[in-house]
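Examination of the molecular architecture
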Amino acid sequence: MSEGLFEKLKENVLQGRMEKEDEGIEEGYEGQPGVKELTEEALEKGISTADILEAINEGMLSVGEKFEKGEYFIPDMLAASEAVGAAMEVLEPQMIKEKEQSKGKVIMATVEGDIHDIGKNLVTIMLKGAGYQVKDLGTSVSSDRIIEEVEKEKPQVVGFSALLDTTMAEMGKNIEALKEKGLRDDVKVIIGGAPTSDPFAEKIGADGYGKDAFAAVELVKKLLA
Ligand code: B12
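Predicted model only: the values in this text are computed from it and were never measured.

Rules and cut-offs
- Residues numbered from 1 in each chain as written.
- Predicted model: local features only at pLDDT ≥ 70, side-chain atom pairs only at ≥ 80, totals over all residues.
- Heavy atoms only, no water.
- Helix = DSSP H or I, 4+ residues; strand = E, 2+ residues; numbered from the N terminus.
- Near = heavy atom within 4 Å.
- Polar contact = N/O pair within 3.5 Å; in protein donor to acceptor, adjacent residues only side chain to side chain.
- Domains from an automatic or database assignment.
- Contact = heavy atoms within 4.5 Å.
- Buried area = accessible area lost by both parts, 1.4 Å probe.
- Salt bridge = Lys/Arg side-chain N within 4 Å of Asp/Glu carboxyl O.
- Nonpolar A, V, L, I, M, F, W, Y, C, P; charged D, E, K, R; others polar.

1. Some details on unusual backbone geometry
Its identity is not glycine, yet Ser 140 carries a phi of approximately 45 degrees, on the positive side. Positionally, Ser 140 belongs in the loop between β2 (133-136) and α6 (143-153). We note that Lys 154 has phi near 45 degrees; this positive angle belongs to a residue other than glycine. Structurally, the position occupied by Lys 154 is in the loop between α6 and β3 (157-161).

Structural data, given as structure tokens:
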């Protein structure tokens, strides 16, 4: 991708700007193309979705770093992830065309009682970018819904996200529910989110834990190899 467009995409993710009319986190951006228009421009120029996703991911990584340093706050994180969502809407039809042969199907869900979805959305974006077909069930998803979707969609992998100490136990409950329905052997279960860990994954009988979106992709690759 041209260096200029790559930098602009990254910068506008960092500014949390979906489209032209949006203000940025800093001043002086209004009227300039936002993430949506820049993604459209990149596709028109024949730039691959993989290269576009790389720019977006770099932007999101910088957002995470600024958040950790205390330079960014929750509304900034939300604006950035909404800007990424706008890019994904533009990219998805093209990604489906490029990857007609999907590498496998994944279902993602934030567990019941938990509405944190920024991390789950990043994992979803990265998995889609890596060529997997992903159905995102959203937040506060019940065991019943998960069972229903696993029966219907027959994914190879199901991923659970939890950010609260009080909701991480839902992951174990979901695994038990899969066992009860005789579905556990048909699907790999991966987990993630700040309070979870490798030992926790082992304890509840999940197939793996990923510390971030990059690790999630590696984990799915490994489990489906
Ligand atoms: C943003 C945020 C919110 C937003 C959520 C907005 C949204 N749409 O997600 C709002 C304001 C709504 C919110 C609400 C609450 N929050 Co909150 N929130 C946060 C905050 C600041 C950031 C979380 C985040 O987005 N991180 C960035 C993402 C990119 O990281 P991540 O989620 O960890 O995801 C990465 C990895 O974990 C991994 N990953 C994630 N999921 C998965 C899944 C799989 C399968 C894999 C492989 C990997 C993976 O990959 C991701 C990408 O790299 C954290 C504090 C913090 N510094 O983390 C508190 C925090 C999580 N919240 C907390 C609390 C207590 C709450 C509330 C209960 C507050 C309240 N009293 O109302 C409510 C809960 C509401 C509910 N029922 O869920 C506590 C949790 C404490 C605990 N350990 O239980 C924290 C830690 C803050 C604190 N220090 O007290 N919150």
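What follows continues from the structure just given.
2. Looking at the site of the ligand
Ile 115, His 116, Asp 117, Ser 161 and Asp 165 are the nearest of the 30 residues found near the ligand. Take Gly 113: an N or O atom from its main chain is 2.9 Å from a nitrogen atom of the ligand. Between an oxygen atom of the ligand and a main-chain N or O atom of Ala 213, the distance comes to 3.1 Å. Elements with a contribution of two residues or more to the shell around the ligand: α4 (74-98), α5 (118-129), β3, β4 (188-192) and α9 (213-224). Of the residues forming the shell around the ligand, the biggest block, four residues, is contributed by α5.

3. Regarding the domain arrangement of the chain
The domains assigned to the chain are domain 1 (3-98) and domain 2 (105-224). Each of domain 1 and domain 2 has a C-alpha centre, and these two points are 26 Å apart. Tallying the contact residues gives 11 residues for domain 1 and seven residues for domain 2. With both chains or domains summed, domain 1 and domain 2 bury close to 820 Å², and 82% of this area falls on carbon and sulfur atoms. If you look at where domain 1 meets domain 2, you find one salt bridge. Between Lys 128 and Glu 92 there is a salt bridge; the shortest N-O distance is 2.7 Å. On the surface where domain 1 and domain 2 come into contact, there are one residue pair in polar contact (both at pLDDT 80 or more). Looking at the side of domain 1 that touches domain 2, the elements with two or more residues in it are α3 (49-68) and α4. Looking at the side of domain 1 that touches domain 2, the element that brings in the most residues is α4, giving seven residues. Taken together, the residues that form the side of domain 1 that touches domain 2 break down as eight nonpolar, two polar and one charged.

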